[in-house]
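A structural walkthrough
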Amino acid sequence: APVQNETRVDSAWDIIVIGAGPAGIIVAERMSKAGKKTLLLEGGGPSYWITGGRQKPAWLDNQQLSRVDVPGLYKSIFADQGNLTCAEHANAFTGCTLGGSSAINAGLFFEPPRSDFDTYFPKGWKHKDVSAAIDRVYDTVPSDDVYSQDDKFYVQSGYVAAKKWLVDGAGYANVDINKEADNKSKVFGRPIFDYVNGQRGGPVRTYLQDAIKRKNFQLQMNTRVERIIRNGDTATGVSAIVNGTAKVIKLASGGRVISSGGALQSPALLWFSGIGDPALRANLTAGGKLDGVSDWINNAEVGNGLFDNPNTFIELSNPSIQSYVHNYSNPIPADALAYTQHRSGPYSFASETSAFWDTLKVDNHTIGFQGTIDSSGFADWTSNNTITLNVYGTSGLFSSGKVELNDQYLPGPDNNVYYSDSRDGDAIATFIHSIFAKLDPKVLTPLNIPLNSTQTQIRDYITSSTAYTRGEVNHWSSSCRIGKCVDANTVVKGTKNIHVVDASIVAPLTVNPQFGVMIAAEHASDLILKLGKY
Ligand SMILES: Cc1cc2nc3c(=O)[nH]c(=O)nc-3n(C[C@H](O)[C@H](O)[C@H](O)COP(=O)(O)OP(=O)(O)OC[C@H]3O[C@@H](n4cnc5c(N)ncnc54)[C@H](O)[C@@H]3O)c2cc1C
């Protein structure tokens, strides 16, 4: 597919989409498909090989693959971010490259249960309203639990032990996770990934490839939007850094600006555009962030409600376990060959061997819990017989955070995102205690927290700060919610033609967020097209 990098931003656009993460790509594709002259601006550079991405280890020489394409190189992002993350633009871990975090994530692709829409989304966004959007995501983005092209599963000792523990021991149902998406109580299964033929898939490989064939669509990478330019409540264009110089890109009359910068950066972009809580104005002005912005639009919900899963890593060990560490530069030669020749073997998946869910009712909230089992140990526990359970609370938690700017004016989470309501720590500890009660130490033994811990000991551990607890899972969402910060059509309250369409508008989900983000973008596209010109 062609790589677009020429600059023809001088004309006026019906739709300007800011940020080419999964949401931005989908909404831009849908707008261009409907005939709108659409510009998609991405601050980062290329990622997948087909987009011009060329970062890769030497063992991939002579392959049309970048590090982004190879699922088994997923975890290398934490050791070496290359230029793929937002280190210069956000005070948290997220992707700033074509595809956003969908270019650096594990590819876990779980359909949210219908209860997420029916419970946590407002009118117009219930499951019956979004079900056509769900179908379109399934039709466009391939996914499978069988990732290896030889149809075999690799690195399975952790899966076998977890199944013994949860299915045989604790009564969990063994399910096809997305076929039974609505059931999230005591279910266990193999993860579904949105890979395509053994390589990273997702919106860059699907939606974007359709869009770039259209004459009325333009993708512009390495172009960072500094602010949306407004005339009162109406956007007239954006100010962006194009090839190192600030430039105004104009909207055609009746056009719309759609911010898809992700749950941390979209709120910041609105603030820098003079939209948000008026209490922020003095600090922004002092930092020179409002130069050229003459008026302020009050919308105190911008940045409010930021969510990420509060997680704990539990190291689990047994002599039957053979852990597997994907190696960036020096893979086991047979494994490298299996991948480069047949897209098979351990490098055809990111390292998660199984996932499970349960729920608990607390004060009329149904709280969700998820566990994901990785193929290797972590931090102090990296023996060959150790794997890591990543366990966290999902939907229905009580804590609520905010996006906060640090002293460099980079957006990140405040201190209230994790466990600011004590009921969350209690609920997650109840869940861990209940699954520990069913764990036969002959199957797996927890190493960093004793199996016979009391519920209080578990709560005190998971809410304390250690290498294994209170880590960021990077599932940022919910910072500009529908009905509060944006209206039901995703228009930012107080404005006429400025939208947010990304993880910001998605409520905390029972599963990893990217599938839900894609649904939101598909559904928002329908709503925006129905609005027509503003
Ligand atoms: C390491 C990691 C692993 C993850 N694993 C999974 C997983 O396995 N499964 C899952 O479901 N989810 C996972 N996630 C989360 C998932 O990837 C995100 O929820 C999803 O990508 C959010 O999509 P988005 O479109 O809202 O924004 P993002 O993906 O954050 O994309 C936003 C894009 O906008 C660009 N941008 C922002 N501001 C500007 C600006 N001012 N001008 C120009 N461009 C701008 C950014 O550069 C970025 O490319 C993971 C995330 C991370 C970081």
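Quick caveat: nothing in here was measured; it's all calculated off a predicted structure.

Here we come to the pairing of strand S8 (residues 223–231). Judged from the eight bridges that link them, S8 and strand S9 (residues 234–242) form a sheet pairing that is antiparallel. In the strand pairing of S9, arginine 224 is matched with isoleucine 241. Where S8 hands over to S9, the hairpin turn is made up of two residues, of which glycine 232 adopts a positive phi near 65°.

Within the structure shown, the criterion is met by 21 aromatic pairs. Ring centres of tyrosine 159 and phenylalanine 188 lie 5.7 Å apart, and the angle between their planes is 35°; this geometry places the pair in the tilted category. Taken together, the residues tyrosine 159 in helix H5 (residues 157–169) and phenylalanine 188 in strand S4 (residues 187–189) connect sequence positions 29 residues apart. A ring pair is formed by tyrosine 172 and phenylalanine 356, whose centres lie 6.0 Å apart and whose planes are at 85°; its orientation type is edge-to-face. Of this pair, tyrosine 172 sits in the loop between H5 and strand S3 (173–174) while phenylalanine 356 sits in strand S15 (residues 352–362), and the two are 184 residues apart along the sequence. Site record: aromatic cluster; members linked through ring pairs are Tyr147, Phe153, Phe193, Tyr195 and Phe349.

What follows concerns the state of the cysteines. Taken as a whole and judged by the stated rule, the model has two disulfides. In this model cysteine 86 forms its disulfide with cysteine 96; the gap between the sulfur atoms is 2.1 Å. Measuring handedness by torsion sign, the sulfur bridge of cysteine 86 and cysteine 96 sits at about 100° and is right-handed. Within this pair, whereas cysteine 86 is found in the loop between helix H2 (76–79) and helix H3 (114–120), its partner cysteine 96 is found in the loop between H2 and H3, the two being separated by ten residues in sequence. Cysteine 86 gets classed as buried once you look at its relative accessible area, which sits at 1%. Judged by relative accessible area, which is 8%, cysteine 96 ranks as buried. In this model cysteine 480 forms its disulfide with cysteine 485; the gap between the sulfur atoms is 1.9 Å. When the S-S torsion is -75°, as for the bridge of cysteine 480 with cysteine 485, the disulfide is left-handed. We note that cysteine 480, like cysteine 485, is buried.

In this structure, the second largest pocket occupies an estimated 440 Å³ of space. Along its surface, the second largest pocket is lined by 24 residues, and Tyr120, Arg481, Lys484, Ala507 and Pro508 are the ones closest to its centre. Among the secondary structure elements, those contributing two or more residues to the lining of the second largest pocket are H3 and strand S13 (304–306). Ranked by residues supplied to the lining of the second largest pocket, first place goes to S13 with three residues. Split by residue class, the lining of the second largest pocket holds twelve nonpolar, nine polar and three charged. Counting only domains with at least three residues in the lining of the second largest pocket, you end up with domain 1 (13–104 + 205–306 + 477–505) and domain 2 (148–201 + 309–398 + 420–471).

As for its position among the elements, aspartate 424 is in helix H10 (residues 422–436). Residue aspartate 424 is classed as buried on the basis of its relative accessible area, which comes to 1%. Between the C-alpha atom of aspartate 424 and that of alanine 286, which follows or precedes it by 138 residues, the distance is 37 Å. Residues within four places of aspartate 424 in sequence aside, it is in contact with Leu397, Phe398, Ser399 and Tyr419. At 2.8 Å, the side chain of aspartate 424 forms a polar contact with the backbone nitrogen of phenylalanine 398.

It is worth spelling out the site of the ligand at this point. Inspection of the region around the ligand gives 37 residues, with Glu42, Ser101, Leu108, Ala503 and Gln514 positioned closest. In the environment of the ligand, an oxygen atom lies 3.5 Å from a nitrogen or oxygen atom belonging to the backbone of proline 22. Contacts to the ligand include serine 101, whose backbone N or O atom sits 2.8 Å from an oxygen atom. Burial of the ligand by the surrounding chains reaches 97%, relative to a free accessible area of 1,000 Å². Those elements giving two or more residues to the shell around the ligand turn out to be helix H1 (22–33), S8, helix H7 (262–272) and helix H12 (514–531). Broken down by element, the shell around the ligand gets its largest block of residues, three residues, from S8. For the shell around the ligand, the residue count by class is 15 nonpolar, 19 polar and three charged.

Each value, and the rule that gives it
Numbers given for residues are sequential positions, taken from 1 along each chain in its written order. It should be noted that, the model being predicted, local features are given only for residues of pLDDT at least 70 and side-chain atom pairs only at 80 or more, the latter also being counted only at that level, while totals for whole chains, interfaces and linings use all residues. Derived side-chain values reflect all non-hydrogen atoms in the structure, with water molecules and hydrogen atoms excluded from consideration. Strands were regarded as paired on the criterion that DSSP finds at least two bridges between them. Runs of H or I in DSSP of at least four residues are treated as helices and runs of E of at least two as strands, each being numbered from the N terminus. Classification of ring pairs uses Phe, Tyr and Trp, with its six-membered ring standing for Trp, and accepts pairs whose centres are within 6.5 Å; under 30 degrees between planes counts as stacked, over 60 as edge-to-face, and the remaining range as tilted. Whenever a pair of cysteine sulfur atoms sits within 2.5 Å, that pair is classed as a disulfide. Residue burial is assigned from relative accessible area. The probe radius is 1.4 Å, only protein chains are included, and a residue is buried under 20% of its type maximum, exposed over 50%, and partly exposed in between. Using a 1 Å grid laid over the protein atoms alone, points where a 1.4 Å probe fits but cannot get out form a cavity; open sets with protein on both sides within 12 Å along at least 5 of 7 lines form a pocket; any residue with an atom within 4 Å of a point counts as lining. Grid points are joined across faces, edges and corners, and a volume is the space filled by probe spheres set on the points. Three categories are distinguished: nonpolar for Ala, Val, Leu, Ile, Met, Phe, Trp, Tyr, Cys and Pro, charged for Asp, Glu, Lys and Arg, and polar for the others, with Gly belonging to the last. Domain start and end points were adopted from an automatic or database domain assignment. Contact criterion: two residues are considered in contact whenever any of their non-hydrogen atoms come within 4.5 Å of each other. Between N or O atoms, a polar contact is any pair within 3.5 Å; within protein, one atom must be a potential hydrogen donor and the other a potential acceptor, and residues adjacent in sequence are included only when both atoms are from side chains. One heavy atom suffices: a residue is near a molecule or strand as soon as one of its heavy atoms comes within 4 Å of it. Residue burial considers only the protein chains on display, and all accessible areas are found by Shrake-Rupley using a 1.4 Å probe.

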